[in-house]
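Examination of the molecular architecture
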Amino acid sequence: MAYTTVNKYTDFFNRIKYTGDGSSSRALTGFGHQPDWIWAKHRNGAMHPQINDSVMGATKWRYTSSTGVDDTSTQPITYGTDGITFNGGNYDPNTNSYPYILWSLKAGTTSGLSGGTITPSAYSINTTSKFGIYKYTGTGSNATIAHGLGVAPKVVWIKKTSGSEDWRVWFTPIGNTQYLTLNGTGAASTAASVWNSAIPTSTVFSIGTDGGVNTSGQTYVAYVWGEVPGFSAFGRYYGNNNDNGPYVYTGFKPAFLLIRQTNDTGQWRIYDTLRESYGQKDLLKYLAAESTAAEVTPSDGNLDILSNGFKVRSSGGNHDLNGNSDPYSYMAFGQSIVGSNNVPCTAR
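To start, this report covers the structure provided alongside it. (Residues numbered from 1 in each chain as written. Predicted model: local features only at pLDDT ≥ 70, side-chain atom pairs only at ≥ 80, totals over all residues. Heavy atoms only, no water.)

What to know about the overall build of the protein chain
The helix and strand inventory of the protein chain stands at two helices and 26 strands. Taken over C-alpha atoms, the radius of gyration comes to 19 Å for the protein chain, in line with the 20 Å a tight globule of 348 residues would show. Each principal axis of the C-alpha atoms in the protein chain carries an extent, and together these give about 55 × 55 × 50 Å. Sorting the 348 residues of the protein chain into buried and exposed places 56% on the buried side. If you take every contact in the protein chain between residues at least 6 apart in sequence, the share linking residues at least 24 apart comes to 65%. When the accessible area of the protein chain is evaluated, it comes to approximately 12700 Å², of which 47% is carbon and sulfur surface. (Helix = DSSP H or I, 4+ residues; strand = E, 2+ residues; numbered from the N terminus. Rg over C-alpha atoms; globule rule 2.2 N^0.38 Å. Buried < 20%, exposed > 50% of the residue type's maximum accessible area, 1.4 Å probe, protein only. Contact = heavy atoms within 4.5 Å. Areas by Shrake-Rupley, 256 points an atom, 1.4 Å probe, with all protein chains shown as cover.)

Here it is in structure tokens:
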């Protein structure tokens, strides 16, 4: 197993389970980091999965289940060094008695970025966890945007925030002319105008003239991830429609998984190890990024969460996880059992 530069995954990523109380000042702590990016969802009832980040601002929420503009809240959140505070009382992420799950990421650096043909008006990046948030204004012309992560990104999400548009998502395996829609269930679409037929490099990611990424004068936010051994893994597996399904090596025990079939209709299934225990043959509840629905316990579609990856156990035609020969892209975050600061044992 490779050594990792991330010795404690909660320094950069966490998942928080809580019950809303409707109070005007509800603090959530224990994140292990300042959450520059949060994604929250009501677990047992209808609610948009909602993203807030420190770049777009404390009052701005965007929904992964919607094409709409940013929702501007009159109850801004407060970012702390170890959590957040919901201000303003009874509203979506803090409705009294509702159970929630929240996933968070740390970014951090807000200066020193240079390069590219579009300069973000605001950004926050982390060169250790290889995650960045970028706010930019479209030009309507093919462009590049510097990301500052020091590695070639494996995943890019972009959302127009000043008008209605689908989310555009790129994973390494789907190539430079295709994209997925985060707020939809359709197969990967082909449009060279989204990524300008260019794969991200160690310095920039590219956008074309597509309205979902680059209309002149419109505002966008991009979330960009690079891979860190022992902390994050982004890739693809192929299903076999068998209970003895594919094993996927990540190099760590996943605490969070997002899985999406790319060649056909399918949901963006979100799993994490906080909402329930993950043992062999458990029917694991999932939430869907494109849906307002409550978490689902499927009739099939099992996952084993292992110390160094995950194994799919799903047959009976469940193509969302394990259709025969179907390709699936995934995002995983978690904890390696080793780290760069671990001292080897010595004989004595």
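Looking at the sheet that holds strand S8 (residues 83-87)
An order of S2-S8-S7 is seen for the three strands of this open sheet, with the pairing classed as antiparallel. Two strands in the sheet have a free side with no partner beyond their single neighbour: strand S2 (25-29) and strand S7 (77-79). Adjacent strand axes in the sheet meet at a mean angle of 20 degrees when their direction is disregarded. Bridge count between S2 and S8: five bridges; the pairing is antiparallel. Within S8, the position partnered with Leu-28 by the bridge is Ile-84. (Pairing = 2+ DSSP bridges. Axes fitted to C-alpha atoms, helices over the stretch in contact; angles between N-to-C directions.)

As for the environment of Gly-150
If you trace the backbone, Gly-150 turns up in the loop between strand S12 (143-146) and strand S13 (155-160). Note: C-alpha distance between Gly-150 and Thr-81 (69 residues apart in sequence) is 25 Å.

Some details on the environment of Thr-181
Here Thr-181 shows up in the loop between strand S15 (178-179) and strand S16 (189-190). Considered as a pair, Thr-181 and Ile-158 are 23 residues apart in the sequence and their alpha carbons are 9.8 Å apart. Aside from chain neighbours lying at most four places away, what touches Thr-181 is Asp-166, Trp-167 and Trp-268.

Details of the pairing of strand S10 (residues 122-126)
For S10, the tally of buried residues reaches four of five residues, placing the bulk of the element in the interior. Across five bridges, the pairing between S10 and strand S11 (residues 131-137) is antiparallel. Within S11, the residue paired with Ile-125 across the bridge is Gly-132. Between S10 and S11, which pair antiparallel one after the other, the connecting turn spans four residues, and Lys-130 there sits at a positive phi close to 60 degrees.

Quick word on the packing of aromatic side chains
Tallied over the full model, the rule gives 29 aromatic pairs. Aromatic pair Phe-310 and Tyr-330: ring centres 5.5 Å apart, planes at 80 degrees, arrangement edge-to-face. Of this pair, Phe-310 sits in strand S25 (residues 309-313) while Tyr-330 sits in strand S26 (residues 327-335), and the two are 20 residues apart along the sequence. Overall, Phe-310 belongs to the buried group, its relative accessible area being 0%. (Phe/Tyr/Trp six-rings, centres within 6.5 Å; stacked < 30°, edge-to-face > 60°.)

Notes on the pattern of salt bridges
As a working rule, side chains carrying opposite charge can pair if their charged atoms are close by. Under the definition given, this model contains 11 salt bridges. Note that Glu-295 and Arg-43 form a salt bridge whose closest N and O atoms lie 3.1 Å from each other. Separated by 252 residues along the polypeptide, Glu-295 in the loop between strand S23 (287-288) and strand S24 (302-306) and Arg-43 in the loop between strand S3 (37-42) and strand S4 (50-53) bring together distant segments of the chain. The exposure classification of Glu-295 matches that of Arg-43, with both residues buried. Among the salt bridges present, the one from Arg-275 reaches Asp-272, with a minimum N-O distance of 2.7 Å. Owing to a relative accessible area of 7%, Arg-275 belongs among the buried residues under this scheme. (Salt bridge = Lys/Arg side-chain N within 4 Å of Asp/Glu carboxyl O.)

Regarding the pairing of S26
Taken residue by residue, a regular strand's side chains alternate between the two faces of the sheet. The element S26 is extensively covered by neighbouring structure, given that eight of its nine residues are classed as buried. One ladder, built from seven bridges, connects strand S19 (residues 232-238) with S26; its direction is antiparallel. Residue Phe-234 lies in a different strand from S26, and its bridge partner there is Met-331. Looking at chain direction, strand S21 (residues 253-261) and S26 are connected through eight bridges and run antiparallel.

Comments concerning the sheet that holds S10
The five strands lie next to each other as S10-S11-S18-S13-S14, forming an open sheet whose pairing is antiparallel. Each of the sheet's edge strands pairs with one partner strand only, and the pair in question is S10 and strand S14 (168-171). Looking at each pair of strands side by side, their axes are set apart by 15 degrees on average, direction ignored.

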